Amino acid sequence: MSDTPPDRLSANPDSPYYDAEALERGVGIRFKGVEKTNVDEYCVSEGWVRVTAGKTVDRKGNAMTIKLQGEVVPYFRDAEASAE
């Protein structure tokens, strides 16, 4: 696996953009320069993140999400730890 996270990644196993290997390594997201820990899905090329909206769920039990536009910078957390 490369040292750069994928362009698009989802934490939902039903999504076509789900990647278990990348999620096991631990992907961190900086959105507009701020560290985000509640990101459900992101796309670097399109410039958006999808974050969970509290504990609200839809009728199928999935977390409700909000799509936010802005600069997205993903990184692998294990690479950050080894650099220290």
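Residues numbered from 1 in each chain as written. Predicted model: local features only at pLDDT ≥ 70, side-chain atom pairs only at ≥ 80, totals over all residues. Heavy atoms only, no water.

- Labelled according to an unreviewed UniProt entry, the protein chain appears under the name DUF3297 domain-containing protein, originating from Caulobacter radicis.

1. What to know about the packing of aromatic side chains
Logical step 1: Evaluated as defined, the whole model comprises 0 aromatic pairs.
Logical step 2: Across the ring face of F76, the terminal group of R25 is positioned such that the distance to the ring centre comes to 3.9 Å.
Logical step 3: Over the ring of W48 we find K67, and its NZ or CZ is 4.6 Å from the ring centre. (Phe/Tyr/Trp six-rings, centres within 6.5 Å; stacked < 30°, edge-to-face > 60°. Lys NZ or Arg CZ within 6 Å of the ring centre and 35° of its normal.)

2. Section: the sheet that holds strand β2 (residues 27–31)
Logical step 1: Read across the sheet, 3 strands follow the order β3-β2-β7 without closing on themselves; strand pairing throughout is antiparallel. The outermost strands of the open sheet, each flanked by one partner alone, are β3 (34–36) and β7 (72–76). With strand direction ignored, the average angle separating the axes of adjacent strands in the sheet is 35 degrees.
Logical step 2: Two elements, β2 and β3, share 3 bridges in a ladder whose sense is antiparallel. Paired with F31 across the two strands is V34, which belongs to β3. (Pairing = 2+ DSSP bridges. Helix = DSSP H or I, 4+ residues; strand = E, 2+ residues; numbered from the N terminus. Axes fitted to C-alpha atoms, helices over the stretch in contact; angles between N-to-C directions.)

3. Brief notes about unusual backbone geometry
Logical step 1: In the Ramachandran plot, K32 falls in the positive-phi region, its phi being about 55 degrees despite a non-glycine side chain.
Logical step 2: For K32, the location among the structural elements is in the loop between β2 and β3.
Logical step 3: Among the residues examined, K32 registers a relative accessible area of 56% and is labelled exposed. (Buried < 20%, exposed > 50% of the residue type's maximum accessible area, 1.4 Å probe, protein only.)

4. Notes on the pattern of salt bridges
Logical step 1: This structure, assessed with the given rule, holds 3 salt bridges.
Logical step 2: For the salt bridge of D3 with R25, the shortest nitrogen-to-oxygen distance reads 4.0 Å. On the criterion of sequence distance, the pair formed by D3 in the segment before β1 (8–10) and R25 in helix α1 (residues 20–25) is long-range, its members being 22 residues apart.
Logical step 3: With relative accessibility at 21%, the residue R25 sits in the partly exposed group.
Logical step 4: Between E35 and R77 there is a salt bridge, with the nearest N and O atoms lying 3.5 Å from each other. Here the residue E35 occupies a position in strand β3, and R77 occupies one in helix α2 (residues 77–83), the gap between them amounting to 42 residues. (Salt bridge = Lys/Arg side-chain N within 4 Å of Asp/Glu carboxyl O.)

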